[in-house]
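Below, each chain spelled out in residue letters.
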Amino acid sequence: MGNRSSLLLREEEIAQIQEETGFTPNQIERLYSRFTSLDRGDCGTLSRDDFLRIPELAINPLGERIVNSFFQEDGLNDRVNFRQFMHVLAHFRPIKKNKENNLNSREEKLRFAFKMYDLDNDDMISKEELLAILHMMVGANINEEQLTSIAERTIVEADEDGDQMISFEEFCKALQRTDVAQKMSIRFLN
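Residues numbered from 1 in each chain as written. Predicted model: local features only at pLDDT ≥ 70, side-chain atom pairs only at ≥ 80, totals over all residues. Heavy atoms only, no water.

> Go over the packing of aromatic side chains, please, and point to the residues and values.
Evaluation of the coordinates by the stated rule reveals 13 aromatic pairs. Seen in terms of ring centroids, Y117 and F171 are 6.1 Å apart; in terms of plane orientation they differ by 55°. Their pairing is tilted. Pair noted here: Y117 is in helix α8 (residues 106–117) and F171 is in helix α11 (residues 168–174), with a separation of 54 residues, a long-range link. The lysine or arginine in question, R48, covers the ring of F71, its NZ or CZ lying 4.0 Å from the ring centre. The ring of F23 carries the charged tip of R93 above its face, separated from the ring centre by 5.9 Å. (Phe/Tyr/Trp six-rings, centres within 6.5 Å; stacked < 30°, edge-to-face > 60°. Helix = DSSP H or I, 4+ residues; strand = E, 2+ residues; numbered from the N terminus. Lys NZ or Arg CZ within 6 Å of the ring centre and 35° of its normal.)

Set out below in structure tokens:
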């Protein structure tokens with residue numbers, strides 16, 4: 001199995017993926033090995049179920065939302081190939097000075113986070129969507145009244161135009177002082 005991953009990835013593919021995502025060739029090969037180990041059907045793509053076999057995602061309250069981020073927004077594709085897999089992971093690469101890739105920029109990290117909350121993909125976060133995400137995150141640990149209060153207060157604080165929704169621009173402003181680069185980065189081993 002160790003040889004399989006390096007045999008199937010050609011040097012030009014590695015170079016293209018490196019250019020597109022900013023990952024090093026070693027990181028790409030390691031992630032390819034992980035990808036192929038998740039690909040139980042040996043078909044070169046992953047399904048939602050393949051992702052949910054990752055223990056950390058299976059127990060994560062936002063696991064479903066994270067898994068959905070790997071799939072095309074049009075809902076037509078129910079499988080992800082390696083290149084698509086790498087493009088999503090690139091959002092979580094740490095930002096290095098003078099080496100920023102457009103997939104892991106602060107704005108793209110924020111856009112990715114915003115989409116986690118925007119359940120209906122209308123480019124706005126409503127109180128109901130915020131409440132649904134809060135439910136996923138805290139379950140029954142906080143009562144409904146408290147959750148509603150948190151959602152309402154969040155909308156009031158972030159909503160600048162008074163439409164009772166949070167736009168992407170308002171979302172970015174609300175997180176202006178948050179170290180998104182650090183909070184949305186995973187260290188990928190070489």
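> Which residues make up helix α7 (residues 82–90), and what values do they have?
Here α7 has its buried residues at F82, F85, M86, V88, L89 and A90. On the buried face of α7, the contacting elements are α2 (11–21), α3 (25–38), β1 (45–46), α4 (48–52), β2 (80–81) and α8. (Buried < 20%, exposed > 50% of the residue type's maximum accessible area, 1.4 Å probe, protein only. Contact = heavy atoms within 4.5 Å.)

> Lay out the layout of surface pockets in plain terms, naming residues and giving numbers.
By volume, the largest pocket is sized at about 1,200 Å³. Lining the largest pocket are 42 residues, and of these I66, F92, F112, M184 and I186 sit closest to its centre. Those elements giving two or more residues to the lining of the largest pocket turn out to be α3, α5 (55–59), α7, α8, α9 (127–138), α10 (144–158), α11 and α12 (180–183). Of the residues contributing to the lining of the largest pocket, the split by class is 29 nonpolar, four polar and nine charged. (1 Å grid on protein atoms, 1.4 Å probe; cavity = no way out; pocket = protein on both sides within 12 Å on 5 of 7 lines; lining within 4 Å. Points joined across faces, edges and corners; volume = space filled by probe spheres on them. Nonpolar A, V, L, I, M, F, W, Y, C, P; charged D, E, K, R; others polar.)

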